[in-house]
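In case you want the letters, here they are:
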Amino acid sequence: MLEPVMFTGGVYKHDLVMELVEDLGGYVLQKNVTQSEVILLLLVPKEDMEALKALISELRGELVRAPLAGTEVAVVTPTLAIHHLPHTACDIAEYLRRNGAKSNMIGLARGVGRETAQINEYESMLIDEHDAVVFIFGNFVECIRKKEALYRNINIPVVVTGGPEISKEELPYAFEYVPSVGRITHRAKKATELGTLDNIIESVGRALDRTRTEISKDPLTTSPPRVMDAVREQVPEVEYSFSPLPIALNLNGVRVKLPYEKYKDAVRAVKFDEGVTLGEIATIRPSKMKDYILVRILPMSETGFVF
Amino acid sequence: MDPMEVFKVEIAGEEFGAKKYREIIMDILQDLGLIRSIGRLYVFVDVKKPVFAVYGLLRTGIPPLLVRDVADVAQAQGGFQIKVNDEEHMADLLKVLWEKYGRERVEQPSRDVVVVATDASPSDLPVADLEAEFRQDLTDALLRVAPEGFRNRRNEMTDKSFFFIAAEDTLKPELIFEVKEKIRSMENA
């Protein structure tokens, strides 16, 4: 069982941490260097956690659990105008990031208005590529009810946030509803506001757990971090991608940030030690995000084996 | 504590929304530094229609900013010397002087000093029309406050008051009349 954790510490000797994680059979999901500090998102086998903790305390670093690591969460606002950004949307996205998720902000083209709000097919398909989504709505009960149309056709769990208290029964298409967010024109700084952000994280965590449980009923042929490692090794061009996270992890696959047409065959041909190629155990198709490559690992029921 | 004398928000059936909109309006007016110039404010929203309206009484009488307000004017050889105290107004001041005297008669020997070749003192020239700036800021604030989808807008401004209405559907005269009536009843309540 791999445990998602986040290491924060100095750049000096942080490679020892990365080496240890790889030796233990874990994965380094993301590495962010900010001047003299480094943040690593790691997946580490639970039983070896003590070894890592010992090394990190020696390096005077910090290790915290990052429950959302290895997932991608969309934060959707009705538009990208001043009415919705920056405060609420950025606070939520940043909080998700701090808990290990990769958060993407999406502003709808025509999401505004009570009567006129709409979402198009491209937008909902883009949102569907994530593991969970947070929809940020405003302060009026009537509008939040009405805007259900925006997420009715989304296939991933939808966490809806808004100002007023609304019972869950009134929003049947939402996974959960988190109140007391709404339209805010200042940064979240009061204890109650931070508590609300925690509620959103918890709700997203529950949504992801549900997806994990669903996946475990028909497990994936291999785990996404393993695919990530193999792609990184065998398609070295990915390291030259300008994205801060060249391979983004989802619960059921990865997104490789290379042009689809040029690299789809290279990704398809990635070979595992067991002798199978990635093309045999996963679907490889163009992502809705730019011209990236979307890899979706097939479940055991389709390939007949798990490794 | 509200610095305004009266600040009423009426949103039928949306108590939480009314409370929040109060905060939003306060935040935005404070951000733009307008709060002291508004005496009374009435906000009326009907989410079912949907329509959003604001009516406010202004604390007017902001005099235009004159040269002597922002600078020390002294007679000098061949004209007047203007020493600017607040550099923020330098650009406006130069623009006004250039317009009035022409570029060849305005000289700027140092960063905060301007010399104008003229016989009459320029100290009573207006540098900036604060009233117009205030109106611009106020319109900006109203656009920010109104919910975003409300694309049909109308803004009536007089010396003493302003009335702003925004809706998703076309603004019909009946609707405007009805909302004005509502606000009048809020005023008299």
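Residues numbered from 1 in each chain as written. Chains lettered and ligands numbered in written order. Predicted model: local features only at pLDDT ≥ 70, side-chain atom pairs only at ≥ 80, totals over all residues.

**Considerations on the overall build of chain A**
Short version of the rule: Secondary structure elements are taken from DSSP: a helix is a run of H or I of four residues or more, a strand is a run of E of two residues or more, and numbering for both begins at the N terminus. The burial criterion counts other C-beta atoms lying within 10 Å of a residue's C-beta, which is placed from the backbone; the residue is buried at 20 or more, exposed at 12 or fewer, and partly exposed between these limits. Here contacts are defined at the residue level, using C-beta atoms placed from the backbone and a cut-off of 7 Å between them.
Within chain A, the regular secondary structure consists of 11 helices and 13 strands. Within chain A, the fraction of its 307 residues that count as buried is 43%. Counted over contacts in chain A with a minimum sequence separation of 6, partners at least 24 positions apart contribute 66%.

**A closer look at the interface of chain B and chain A**
Rule in force here: For this classification, the nonpolar set comprises Ala, Val, Leu, Ile, Met, Phe, Trp, Tyr, Cys and Pro, the charged set comprises Asp, Glu, Lys and Arg, and every other residue, Gly included, is treated as polar.
Every contact between the two is made by 16 residues of chain B and, on the other side, 23 residues of chain A. Considering every element that reaches the side of chain B that touches chain A, the biggest residue donor is helix α1 (residues 15–31) of chain B, with seven residues. Here the residues of the side of chain B that touches chain A sort into seven nonpolar, two polar and seven charged.

**With respect to helix α1 (residues 14–23) of chain A**
Residues and elements named next belong to chain A. Applied cut-off: Note: the arc covers the axis-to-C-beta directions of the helix.
Residues of α1 that are buried: His14, Val17 and Val21. For α1, the angular spread of the buried residues around the axis is 45°, confining them to a single face. Opposite the buried face of α1, by more than 90 degrees, sit the exposed residues Asp15, Glu19 and Asp23. In the core, the buried residues of α1 are packed alongside β1 (2–10), β2 (27–34), β3 (37–45) and α2 (49–58). A positive backbone phi angle near 90° is found at Gly25, which sits one or two residues after α1.

**Focus: the nonpolar core**
Filter applied, for reference: We define a nonpolar core as a collection of buried residues of the types Ala, Val, Leu, Ile, Met, Phe, Trp, Tyr and Cys that are connected via C-beta atoms lying within 7 Å of each other.
Formed by 119 residues in total, the largest nonpolar core has its most connected members in Leu42, Val133, Val134 and Val204 of chain A. Grouped together as the second largest cluster of nonpolar side chains are 11 residues, Ala71, Val84, Leu93 and Val106 of chain B included.

**Concerning the sheet that holds β1 of chain A**
All names here are of chain A. The condition that has to hold: Here, a strand pair is defined by DSSP locating no fewer than two bridges between the strands. Angles here are taken between N-to-C directions and fall from 0 to 180 degrees, while the axes themselves are lines fitted to C-alpha atoms, restricted in helices to the stretch in contact.
The sheet built from four strands is open, its strands ordered β2-β3-β1-β4 with antiparallel pairing. Where the open sheet ends on each side, the last strands, each with one partner, are β2 and β4 (62–65). With direction set aside, neighbouring strand axes in the sheet form an average angle of 20°. Both β1 and β4 contribute to a ladder of four bridges, which runs antiparallel. Residue Met6 lies in a different strand from β4, and its bridge partner there is Val64. Across the face of the sheet, α1 comes into contact with β1, β2 and β3 while running at roughly 15° to β3.

**Points about the pairing of strand β5 (residues 71–76) of chain B**
Residue and element names in this part refer to chain B. Here β5 runs beside strand β6 (residues 79–84); their pairing, made up of six bridges, is antiparallel. The residue bridging Ala76 from the neighbouring strand is Gly79, located in β6. Connecting β5 to the antiparallel partner β6 that follows it, the hairpin turn spans two residues, and Gly78 within it adopts a positive phi of roughly 75°.

**Quick notes on the domain arrangement of chain A**
Just so we agree on the cut-off: Source of the domain bounds: an automatic or database domain assignment.
You can read the domains of chain A as domain 1 (2–65), domain 2 (72–215) and domain 3 (224–303). Centre-to-centre, using C-alpha coordinates, domain 1 of chain A lies 31 Å away from domain 2 of chain A.

**What about the packing of helix α3 (residues 87–98) of chain A against helix α7 (residues 191–217) of chain A?**
Any two packed helices are characterised by the angle at which their axes cross and by the distance between the axes. All names here are of chain A. This is how it is decided: Roughly parallel here means an angle under 35 degrees, roughly antiparallel means over 145, roughly perpendicular means 65 to 115, and every remaining angle is called oblique. The handedness criterion is simple: a crossing whose near helix is rotated anticlockwise from the far helix by less than a right angle is left-handed, and one whose near helix is rotated clockwise is right-handed.
Between α3 and α7, the least distance of the axes is 10 Å, while the angle of their chain directions is 55°. One finds that α3 runs oblique with respect to α7. Note that α3 runs across α7; the crossing there is right-handed. On the side of α3, the interface is formed by Asp91, Ile92, Tyr95 and Leu96, while α7 contributes Leu197, Ile200, Ile201 and Val204. Along the lines of polarity and charge, the residues of the contact of α3 with α7 split into seven nonpolar, no polar and one charged.

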